[in-house]
Amino acid sequence: MQMLSRRTLLLSALLSTASLNVWANPAGKGMSPDDRRQALDRFIAKKKFVREPFYLVDLDEADRLKYEAWVNQLARSLRKLAPSRQTKPVVLEKFKPVLKKFEDTEEEDQDRFLWYLDELMGIFGIESSDGLLSTWRHGYDTTGVMEARNAQALAAMTPEERALLNRLQGMTAANAENMLRSTLGQPSVESELLKGWKLPGDPASQPGLEIRGHAVLFFWMTSNRFLYGRWL
């Protein structure tokens, strides 16, 4: 199966990290303490910083193990928190020493690290880092970036593209893939975490889905014209 281009992956990552300060998977809100511990155990057991469709990096194994150890050490420290201390301020404060460790790593590794933090936020039901993550990654709070980019995208779309977007407004995380398949056919790129389509007659126009557990990002990008995205 064809892989997404590096440009496509970077643009998708830009949409994702731009929204990190305002959104995280809130599924953890309904978790009991036992459920949360089990979710953290699964998170810790997962091999990290391995090559994936959205992380096209072959890390030196020594670096991979080091980065994995940093993330797992954070997860273990969160696992030790008493339920009464599993609050947003405490969890975000735990993030800060690990953010400092990743300051001198490569950009791709920083982006992957942020996605791990996004998973941890989801486990604890934290919907916002209040700008902590985006300020660390970009140097400023990116609140409103996605909204502004979407407004620019809508202005740049042709009438036909706006009509297609309107047809897709009913997408939810549960029905998005089926809806895109029925509208656009089989994806040109398909993996567990990313699905990508190319519009007939315009291969540079690429709608797609980035899947993070219970959360799904719909993105649509075209060469040098627009980049649109929204969480489902």
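The structure this text deals with has already been given above.
Residues numbered from 1 in each chain as written. Predicted model: local features only at pLDDT ≥ 70, side-chain atom pairs only at ≥ 80, totals over all residues. Heavy atoms only, no water.

Caption draft 1: Molecular detail of the packing of aromatic side chains. For the structure on display, the rule yields 11 aromatic pairs. A ring pair is formed by Y67 and W70, whose centres lie 5.5 Å apart and whose planes are at 40°; its orientation type is tilted. With Y67 and W70 both in helix α3 (residues 61–79) and 3 residues apart, this pair spans about one turn of that helix. According to the relative accessible area criterion, Y67 is buried, its value standing at 7%. An aromatic cluster of three or more residues is present, and its members are F43, F49, Y67, W70, F102, F113, Y116 and W136. When the ring centre of F43 is taken as origin, the NZ or CZ atom of K48, which lies over that ring, is 4.6 Å away. Seen from the ring of Y116, R112 lies directly overhead, with NZ or CZ sitting 3.9 Å from the centre. (Phe/Tyr/Trp six-rings, centres within 6.5 Å; stacked < 30°, edge-to-face > 60°. Helix = DSSP H or I, 4+ residues; strand = E, 2+ residues; numbered from the N terminus. Buried < 20%, exposed > 50% of the residue type's maximum accessible area, 1.4 Å probe, protein only. Lys NZ or Arg CZ within 6 Å of the ring centre and 35° of its normal.)

Caption draft 2: Structural context of the nonpolar core. Counting residues in each nonpolar core, the largest one holds 33 residues, and the members touching the most others are F49, F95, F102, F113, L117 and L120. Counting residues per element, the ones that place at least two in this core are α2 (33–45), α3, α4 (88–101), α5 (107–123) and α6 (132–138). If you tally residues by element for this core, the top one is α5, at 7 residues. The contacts of F95, once residues within four sequence positions are left out, are L74, L78, L117, L120, M121, L132 and L133. In this structure, M157, A176, L184 and W220 belong to the second largest nonpolar core, which totals 18 residues. (Core = buried A, V, L, I, M, F, W, Y, C linked by side-chain atoms within 4.5 Å. Contact = heavy atoms within 4.5 Å.)

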